[in-house]
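Structure assessment
Each chain, letter by letter, is given below.
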Amino acid sequence: MTSNLLLGVSCEHLNIPTSPRTQRGNSSGMLKPGLYFVTNGIYQIRGFDLANMTIVQIPKSNGVIIIDCLTSIETARKAFELYQEEHRDRNGQDPEIKSLLYTHCHVDHFGGAQEISDIATKAGGIEGLQIIYQLTLGTEAPAEVNFLFPDYNALCMAENATHTLRNIQTLRGAPVRDARLWSRYLDESIALFGEKSDVVFSTHHWPTWNQDDEKLLVKFLSEQRDYYAYLHNETLRQLNDGKTPVEIAEEIQMLPNLKERTNLRDYYGSISHNVKAVHDRYIGLFDGNPASLWPLKPVDESTEFVKCMGGNEAVLEKAQEYRANKNLHFAATVLNKLVFATQSNPDEKDGEVARMAKEELAAVYTELGYSSENGTWRKIYLTAAFELENGAQAVTNVMAPQSLIALSLDELFDTIAVRIDGYEAFKQPEKYLGNEITINFMVTDLEQPKGVGAGWHLRLSNAALTGRVAPYVASPPVENIAATLTVWLNHKELVELVGATVIGKSPSLDQLTTSGDLDAWDSITSLIAVPNPALNIVTP
């Protein structure tokens, strides 16, 4: 059963204010965005965003729960509107959202929460719906939850089992995941839920249903379990035999009976990168060769390589030969050195060789991209080609500022800490080096176990911003508090203050209750450096 579309929409629908129903019944699998039937009582919106939104109806009621709510309020709104249309047809009234569950902490699963919260005017308990939770720490996310719905014999595997190989370490950057533990949890899922489920679905892709007497669900989970375990164990076997991560990645042979299974193909996660990630988790990034221990900066290394290879024209000619002979990997390596060497030299940056080097490298990356089965690799290749042809592009932040409300005080102030420019502090050593600037934030409406507000002691010392929990003091004036400044505010005001600070607005404390030296806050915020949203990747 692969065609289960109830309400389909055209791709253009995602940008228009109405959601006309276009068809029921047959569909070409995941090619069409829309509302899909999983099993009686469970539906999914697929194709509206990076992830799926799942709607589970509470038996014998008009209530529903939402599992994950997409990346933005706009897609969350359109997704739920599509479900509402179907729900009205079946039940004669709009659904009542009773709860919103998150499978894990990635933004494409919680970014639309504000929209769902605004719709859920009758939110409350989920009495009448049984849910069995399986917490899986350190798998696809630091904390990820699988759900069994016994009323529907349906199992949600979050992103722990989908229809592609996942990442042990993402190309976008994230802590290395534990492939061994991931496999163990999949085995636990089979033991806990395998015989109690007729369908397994995830927060990406499409479900897997049992068919007649064939337990496709258990087979699907078992294959995933064994593949991650084999990838982990074989990498460690070769690592212990002295092979480097690149050697293992190029030489590893995957299970012949599983490597062609579509749910294990590296359309998203790649075997090559996952092998290197397993190596990194246990050994780190150093391969043991001292030549790798202290490399030059990319520009310096590239400049010297180009000199050794005979200069700009000789390197360009040699790279063109490699490209003509379809040795694209090495052509990219050579051209990358040439681009960094020429683009970093003001006298050569706009020259003919520099221009041709960028064009050649863009063409190589384009060819590599279009020939890549792995979606993330393809996009990285093509993004690199685009940068070479058009310059670096600014990224777009789709996160709503309100999302900061979910952070702990420690996490909230860390968003400032990682934007303190230490080099600016070095320029004023008498002010910032050897002295401490401290601020106590008293958050009036964050209750602690004793029923009082929360306090946080913020400290700038030696160009590092750190902090800790502080005793809450109700109101000024304050005595015997070791802080340069004390500020009283509610949680919303604090989030707005920090949110404005991290984007470089240097907000004032004038409208808040304070005691002490207001210059303390200005001294901290004057060191904030806003990241460049259009950073270069394939050019210096």
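Residues numbered from 1 in each chain as written. Predicted model: local features only at pLDDT ≥ 70, side-chain atom pairs only at ≥ 80, totals over all residues. Heavy atoms only, no water.

Right, let's talk about the overall build of the chain for a bit. When helices and strands are counted, the chain shows 16 helices and 16 strands. Burial statistics for the chain: of 540 residues in total, 47% are counted as buried. Counted over contacts in the chain with a minimum sequence separation of 6, partners at least 24 positions apart contribute 66%. A total accessible area of about 27,000 Å² is found for the chain, and carbon and sulfur atoms account for 52% of it. Considering the chain, the positive charge centre built from 46 side chains and the negative charge centre built from 69 side chains are found 4 Å apart. (Helix = DSSP H or I, 4+ residues; strand = E, 2+ residues; numbered from the N terminus. Buried < 20%, exposed > 50% of the residue type's maximum accessible area, 1.4 Å probe, protein only. Contact = heavy atoms within 4.5 Å. Areas by Shrake-Rupley, 256 points an atom, 1.4 Å probe, with all protein chains shown as cover. Lys, Arg positive; Asp, Glu negative; His and termini not counted. Charge placed at Lys NZ, Arg CZ, Asp CG, Glu CD.)

In this section: the side chain of T162. Mapped onto the elements of the fold, T162 is located in the loop between β9 (154-156) and α3 (179-193). Dropping the residues within four chain positions of it, T162 is found in contact with S202, H204, H205, F220, Q224 and N263.

A few words on the layout of surface pockets. It is a probe the size of a water molecule, rolled over the atoms, that shows where empty space is left. When its volume is computed, the second largest pocket comes out at roughly 390 Å³. At the level of elements, α5 (245-251), α6 (271-283) and α11 (375-390) are the ones that each hand at least two residues to the lining of the second largest pocket. (1 Å grid on protein atoms, 1.4 Å probe; cavity = no way out; pocket = protein on both sides within 12 Å on 5 of 7 lines; lining within 4 Å. Points joined across faces, edges and corners; volume = space filled by probe spheres on them.)

Once that is clear, we can look at a negative patch on the surface. A surface patch of like charges, here negative, comprises D510, D517, D519 and D522. Summarising the element assignment, D519 is placed in helix α16 (residues 519-525). Among the residues examined, D519 registers a relative accessible area of 47% and is labelled partly exposed. (Patch = residues over 30% accessible without salt bridge, like charges linked within 9 Å, V, L, I, M, F, W, Y side chains within 5 Å. Salt bridge = Lys/Arg side-chain N within 4 Å of Asp/Glu carboxyl O.)

An order of β7-β8-β9-β10-β11 is seen for the five strands of this open sheet, with the pairing classed as mixed. The outermost strands of the open sheet, each flanked by one partner alone, are β7 (132-137) and β11 (208-209). Summarising the sheet, strand β10 (residues 199-201) and β11 pair through two bridges and their orientation is antiparallel. Of the residues in β11, the one forming a bridge with V199 is W209. Strand contacts of α3: β7, β8 (143-149) and β9, with the helix running at about 165 degrees to β7, the strand carrying the most contacts. (Pairing = 2+ DSSP bridges. Axes fitted to C-alpha atoms, helices over the stretch in contact; angles between N-to-C directions.)

This part covers the pattern of salt bridges. A side chain with one charge can pair with a side chain of the opposite charge if their charged atoms come near. As enumerated under the stated definition, the model contains 26 salt bridges in all. R166 serves as the salt-bridge partner of E159, at 2.0 Å between the closest nitrogen and oxygen. This pair shows no difference in class: E159 is buried, exactly as R166 is. A cluster of three or more residues bridged by salt bridges with shared partners is formed by E140, E159, R166 and R177.

Their axes nearest at 8 Å, the elements helix α7 (residues 298-308) and helix α9 (residues 328-343) cross at an angle of 110 degrees. Looking at the two axes, α7 sits roughly perpendicular to α9. Contacts from P298, V299, E301, S302, T303, F305 and V306 in α7 reach N336, K337, L338, F340 and A341 in α9. Residue classes in the contact of α7 with α9 are distributed as seven nonpolar, three polar and two charged. (Parallel < 35°, antiparallel > 145°, perpendicular 65-115°, else oblique. Nonpolar A, V, L, I, M, F, W, Y, C, P; charged D, E, K, R; others polar.)

Together, L285, F286, L293 and W294 make up an exposed nonpolar region whose accessible area comes to about 580 Å². Mapped onto the elements, F286 comes out in the loop between α6 and α7.

Ordered by their spatial adjacency, five strands build an open sheet running β14-β13-β12-β15-β16, and the pairing between neighbours is mixed. Among the strands making up the open sheet, the edge pair consists of β14 (464-470) and β16 (513-516). Neighbour-to-neighbour, the strand axes of this sheet turn through a mean angle of 20 degrees, independent of strand direction. With five bridges joining them, strand β12 (residues 436-443) and strand β15 (residues 485-489) adopt parallel strand pairing. If you follow F441 over to β15, its bridge partner there is V487.

On to α11. With 16 residues, α11 extends 22 Å between its outermost C-alpha atoms, agreeing within 8% with the 22 Å of an ideal straight helix rising 1.5 Å per residue. Within the sequence span of α11, burial applies to G375, T376, Y381, A384, A385, E387 and L388. Considering only its buried residues, α11 is in contact with α9 and α10 (352-370). One or two positions beyond α11, positive phi appears at G391, with a value near 90 degrees. (Expected span 1.5 Å × (residues − 1).)

Taken as a whole and assessed by the stated rule, the structure comprises 13 aromatic pairs. With centroids separated by 5.9 Å and ring planes inclined at 40 degrees, the aromatic side chains of F80 and Y83 adopt a geometry described as tilted. Taken together, the residues span about one helical turn, with F80 and Y83 both in helix α1 (residues 73-91) at a distance of three residues. You can call F80 buried: its relative accessible area is 0%. Note on Y83: relative accessible area 0%, which makes it buried. Residues Y322 and F330 carry aromatic rings whose centres are separated by 4.9 Å and whose planes lie at 75 degrees to one another, so their mutual orientation is edge-to-face. A residue is classified by how much of its surface remains accessible, and Y322, at 25% relative accessible area, is partly exposed. By relative accessible area, F330 is classed as partly exposed at 37%. An aromatic cluster is defined as three or more aromatic residues linked by ring pairs; in this entry it consists of F37, Y43, F80 and Y83. (Phe/Tyr/Trp six-rings, centres within 6.5 Å; stacked < 30°, edge-to-face > 60°.)

Another point: the confidence of the model for the chain. Residues with a pLDDT of 70 or more make up 92% of the chain, whose mean pLDDT is 90. Throughout residues 10-29 the model reports pLDDT below 50, and contacts reaching past four residues in sequence, or to other chains, amount to 38 contacts. (pLDDT = per-residue confidence, 0-100.)

Taking 1.5 Å of rise per residue, the twelve residues of helix α15 (residues 491-502) would be expected to cover 16 Å, and the 17 Å separating its terminal C-alpha atoms lies within 8% of that figure. α15 sits mainly inside the fold: nine of its twelve residues count as buried. When we look at burial in α15, the residues that qualify are H491, L494, V495, L497, V498, G499, A500, T501 and V502. If you check the start of α15, you find a side-chain oxygen 3.2 Å away from the backbone N of K492, and it comes from N490. At the exit of α15 stands G504, carrying a positive phi of roughly 85 degrees. (Polar contact = N/O pair within 3.5 Å; in protein donor to acceptor, adjacent residues only side chain to side chain.)

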